[in-house]
Each structure stands twice: as structure tokens, then as C-alpha cells.
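Examining the three-dimensional arrangement
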Amino acid sequence: MVTLAIVKSKLRLYWPLIKSLQTGLLLATGLAGYMSARCPVMHWYNFLGMGFSLFLAISGSTILNMWYDRDIDAAMNRTRHRPLANGRVSPTEALRLGLSLSALGVGMSVALSPLYGLIVFAGLFFDVVVYTMLLKRRTCWSIVWGGISGGMPILAGRAFGLGHIDGIGILLSLAVLFWIPTHILTFAMRYFDDYQAAKIPTFPSTYGFQTTRTVIATSSIIAALSIGMAGVLIGMQWGFVRLLVVLSGGLLLLAVASIFRPNERINFGLFKYASLYMLSAMILLSIGGI
Amino acid sequence: MKITILDRILLLLTCLLAAWQVAVGINRADTLPLIAYTIGFGVLLVAGLLLIILGFDVLDSPAVIIISTIIPLSLSLGLVWEHLPSFRVFYLIFIIIGFLTILITRILPIRNKLPIVILTSVHGVAGVTIFLLPVILTISGLVHLSFILVGLGGALIGIGGLLLSFLRMGNPLLSHSTILKVLPGLLFLMTVCFVTGFR
């Protein structure tokens, strides 16, 4: 009984460390990548194994990020209540947890398929080492590497399904890479003061808000085109392609509106719509080829 | 006015129905009606998502008039193209000119009644077309009975579109809070009618 209570309290404490929504969205891209390759044939053993290993690896890398950035989190209003930033979880405990989950996730991935494991490891390496440790505090262009690591789950999923890397997988990966600015830069504008307080270089602080909005609109267009092209190349049914075009239209509308009628509501709306768009696109990619 | 949970649920159901209609399309439709229906239901889908995400404040945007016009124009074009072959080109020209005129009178700073007259005329013709055409076709026995629901949907979209347009233009037909209270339900009912009627 006591053990169960301890496990429960630990889980409650650890859950915010993995940023469940972000992890869930990245996991959805990985599963969609796999589904896009294997539909209509589904191997549940592989599907669940891939999903679990990816969940562990993404969660592990997120915890390692949070461990490394705990000083930044403590300096920002938005994140100062996170378990590591306010001391509810010790850095050593978080580091152990992050390393364990990462090792388990990558280990499982390699056991499932060496190529899949290699891509999962590359995603983790780009995210934790290149993006978080080397670049995030130095340059606003670090988000490119964050984007590349964000594109790894979908590439990994598709490569796992096919047994090799193909052009569509790279296109899907590019779609996520170009979607990332819509997600991260709208956030950087919304919490501009927080990032300033933590001395983190961002696009808005380096190039100004207007340039950032133009970058968001441009990258949204490229992301939508990439997903659309990948959908057509996968052989998605036309009905789903039409739906994808409609949803992309909404994304572009908001991105363009944020340039010509910039305000906080549009900016936050774009942030939320972009997440919804990516999730919808992944669902369509998953079921569209059936 | 704050958007309630019930409003969000109704809007989500509206979005799901609209998305489903875009995905399945209209089986018998040619390319142009298919595009027109896709635009109509697509705009409905995106508008519903924006309402869920941004709340009723999004209705303060000047784009609302344009968006609430696109839906009836595109749906009526699809219906005319499918069922009134001799009016196809005439109606297509009317839709294009009507839409452009509404767009221009929205952009230019015109202070007289012209924008309202144009908006009411174009909206009115499209609304009456979506309402009457399915009713007449159903009564004539040219289509299946459930197609009459498209007409009912047309009546609802006509009401919704006019309520929103006049609200945005500062001459509300009902009070601001009443319009916002009925809007999610109206959009949902309208979409149910269209989706059921087009089956």
C-alpha cells in the first residue's frame, strides 16, 4: 500500500518532466510515419514496440533537456513552477531518470531495428547535445537543430515500417522541421519577456517581431506543402488530401493574418492551431493510405 | 462573451461533420461542384476551429463578413451547377462578381448604404437558392426525400450569415449576446442538415 502510494506520488512528480502534450505530438508523428509505410498491413507487435520505445526515448530526451535547462526554467515566470526548477525533484534524480529512459528507449529501438534505433538516437543526440547543450544559449538559429530532431520520430517511424530511408520519409521530416518555427516562434513572441529574463536568444529578440512573423508564415507554407506532397506521394485518398488542403488553408490564413494584423490573440491562435494541424495531419497520414 | 463548454462541444461536432463531408465529398458531383462544396464545408471547418481556439472574440474580425459569405455562395454554386445546367455560367459569373463586389466594398472606406445593399442582395440570392432549390427538386421528385434537409440547412445558414454580417456591420438584427448564444447550435444544426441531405 505504502509502495503504491510512493509510486503514485513519484509518477505525479515525474509526469510534468516529460511535457506530455509535446511528447504525445512527437509520438503521433512517429506512429503516423510507421502507419504511412505499412498500411494496410499492420503488425501490432511492431507498432506497439515502436510506440513504446519512441515514447521512452522522447520522454528521456525531454527530461534531459529540462535537467540541463533548470536554471533557465527557474528564471522564467512560465516555467518556474516546474518540478526541477522549484526543487521538488533533485537534479541528480532527474538526470538518472532521463538517462535511464533514454537508454531504455534507444536500446529497445536498436533491438527492434538497427536503422530505426540509429535514427531515434540521432534525434535524441541532436535534441539534447546539439540543440540544448551547444546552441540554445548561443544563437536563435538553434531552433533549426531543434526542428531537425523534431523531424526524427516521423522519419524513424517510416524507416522502421519500410526497412530503409526513402524520399517521402525525408519530406515528412522536412514538414515537421518547417512546422517547428510556427510552434516555437509564436511561443517565443508570447513569452518574449520570459526569454529575455533568461537571456535566451530568440528570433523575436534578434530579428524583431515582424521578421519573425514572416518566418512563421513562410515556414508554415513550406510545412503545409511538404505534408501535402508527402500525402499525395503516399497515395492518400483524394478526400483526405482535400481535407489536408482545407486545414493547411486555415494555417496559412492565420500565419498571413499574424503578419498583416498582428496581435496577441492571433499569435496564440496560430500556436494552438499549428498543434491541432500537425495532429490532424498525422491522423490523416495514418488513415489516408488505408 | 465567454465561450462555454457546450458551445465548444457543438462547434467540435460541427467541425467533425464538416471534415467528414470534405473527406467523403459528394459522390455524384463534377469537379466544379466538388470544389465549391469543399470550399463551403472547408470554410465552415476552419471557422469552427478558430471559434473553438480563439472564442467569440474572433467574430470582431472584419474577415467574418467575407467568411460568412463564402459558405452560402460556394454551396449555392455547387447546387446550381449540379441541378440547373442552363444557369451554370450565369450563376458562376454572378457568384464571382458578387463576391468581388462584397470584397471591394469591405475594403474601400464607403460610408453610404451601398455595402449593406450589396451584401444583402448577394447573400440573399445565395441563401434563397440554397433554401428553395432543394425544396423544389424534392417536391418535383427529382431527388431523394432527404435532400430537402439541404434546403433547411440553407435557411439556417442564411439566417446565421445575415445575423453575423449585420452584427459585424453595426446593425445587429438580434442582441449581441443572443446571437452568440444561438450561433454554435445554429452552425451544428445547419451542418447536420447539409451532411444528411447530401447523402
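Residues numbered from 1 in each chain as written. Chains lettered and ligands numbered in written order. Predicted model: local features only at pLDDT ≥ 70, side-chain atom pairs only at ≥ 80, totals over all residues.

Let's shift gears to the overall build of chain B. Helix and strand content of chain B: seven helices and zero strands. N-terminal to C-terminal, the α/β element order of chain B is α-α-α-α-α-α-α. For chain B, whose C-alpha radius of gyration is 16 Å, the value lies close to the compact-globule estimate of 16 Å for 199 residues. Seen through its principal axes, chain B has C-alpha atoms that stretch 45 × 40 × 25 Å. Every one of the 199 residues in chain B was classed for burial, and the buried ones make up 45%. By sequence separation, contacts in chain B at least 24 residues apart represent 72% of the contacts at least 6 residues apart. (Helix = DSSP H or I, 4+ residues; strand = E, 2+ residues; numbered from the N terminus. Rg over C-alpha atoms; globule rule 2.2 N^0.38 Å. Buried ≥ 20, exposed ≤ 12 C-beta atoms within 10 Å, placed from the backbone. Contact = placed C-beta atoms within 7 Å.)

So, on to the overall build of chain A. Scanning chain A from N- to C-terminus turns up 14 helices and zero strands. The order of helices and strands in chain A, counted from the N terminus, is α-α-α-α-α-α-α-α-α-α-α-α-α-α. For 290 residues, the compact-globule estimate of 2.2 N^0.38 gives 19 Å, and chain A sits close to it at 19 Å. Taking the principal axes of the C-alpha coordinates as reference, chain A spans close to 50 × 50 × 35 Å. Counting over 290 residues, chain A shows a buried share of 51%. Pairs at least 24 apart in sequence give 72% of the contacts found in chain A among residues at least 6 apart.

As a further point, take helix α12 (residues 209–234) of chain A. Across its 26 residues, α12(A) extends 37 Å between first and last C-alpha, which sits within 8% of the 38 Å expected from 1.5 Å per residue. The first or second residue beyond α12(A) is A:Gly235, which carries a positive phi of 95 degrees. (Expected span 1.5 Å × (residues − 1).)

Residues and elements named next belong to chain A. Even without a glycine there, the phi angle at Lys19 is positive, about 45 degrees. By the secondary structure assignment, Lys19 is in the loop between α1 (2–14) and α2 (20–38). Since 18 C-beta atoms lie within 10 Å of it, Lys19 is described here as partly exposed. Positive phi, close to 60 degrees, is recorded for Lys199, a residue that is not glycine. Tracing the backbone shows Lys199 in the loop between α10 (192–197) and α11 (203–207).

This part takes up the nonpolar core. Core analysis: the biggest nonpolar cluster contains 150 residues, and A:Ile63, A:Val120, A:Ala156, A:Ala175, A:Leu243, A:Ala281 and B:Leu45 have the highest contact counts within it. At 15 residues, the largest contribution of residues to this core is made by helix α2 (residues 31–54) of chain B. The residues touching A:Ile63, leaving out its near neighbours within four places in the chain, are A:Leu17, A:Ile18, A:Ala94, A:Leu97, A:Gly98 and A:Leu101. (Core = buried A, V, L, I, M, F, W, Y, C linked by C-beta atoms within 7 Å.)

What follows covers the confidence of the model for chain B. Residue and element names in this part refer to chain B. Averaged over chain B, the pLDDT score is 86; the fraction of residues at 70 or greater is 97%. Mean pLDDT values over the elements of chain B span from 81, in helix α6 (residues 148–168), up to 93, in helix α1 (residues 5–24). Taken together, the chains of this predicted complex give a pTM of 0.84 and an interface ipTM of 0.85. (pLDDT = per-residue confidence, 0-100.)

Residue and element names in this part refer to chain A. As a packed pair, helix α6 (residues 114–135) and helix α7 (residues 142–150) sit with axes 8 Å apart at the nearest point and diverge in direction by 165 degrees. Considering their axes alone, α6 and α7 lie roughly antiparallel with respect to each other. You can see that α6 and α7 cross each other, and the crossing is left-handed. Contacts from Gly123, Phe126, Asp127, Val130, Tyr131 and Leu135 in α6 reach Ser142, Trp145, Gly146, Ile148 and Ser149 in α7. A class-by-class count of the residues in the contact of α6 with α7 yields six nonpolar, four polar and one charged. (Axes fitted to C-alpha atoms, helices over the stretch in contact; angles between N-to-C directions. Parallel < 35°, antiparallel > 145°, perpendicular 65-115°, else oblique. Left-handed = near helix turned anticlockwise from the far one by under 90°. Nonpolar A, V, L, I, M, F, W, Y, C, P; charged D, E, K, R; others polar.)

On to the interface of chain A and chain B, then. Counting from both sides, the interface comprises 13 residues of chain A and, opposite them, 14 residues of chain B. Top element by residues in the side of chain A that touches chain B is helix α13 (residues 238–260) of chain A. It accounts for eight residues. A breakdown of the residues in the side of chain A that touches chain B according to their chemical character gives six nonpolar, four polar and three charged.

In this section: the packing of helix α8 (residues 152–162) of chain A against helix α9 (residues 167–190) of chain A. All names here are of chain A. Close contact between α8 and α9 brings their axes to 8 Å; oriented N to C, the two are set at 160 degrees. On the basis of the axis angle, α8 is roughly antiparallel to α9. Where α8 crosses over α9, the two elements pack in a sense that is right-handed. Residue-level inspection shows Ile154, Leu155, Arg158 and Ala159 of α8 in contact with α9, the latter providing Ile168, Gly169, Ile170, Leu172, Ser173 and Val176. Classifying every residue of the contact of α8 with α9 by side-chain character gives seven nonpolar, two polar and one charged.

All names here are of chain A. Among the structural elements, Gly163 can be located in the loop between α8 and α9. A tally of 11 C-beta atoms within 10 Å means that Gly163 is categorised as exposed. Gly163 sits 50 residues away from Ser113 along the chain, and the two C-alpha atoms are 8.2 Å apart.

It is worth spelling out the environment of A:Val245 at this point. All names here are of chain A. Topologically, Val245 is positioned in helix α13. What makes Val245 partly exposed here is the crowd of 15 C-beta atoms within 10 Å. Separated by 134 residues in sequence, Val245 and Ala111 have C-alpha atoms that sit 38 Å apart.

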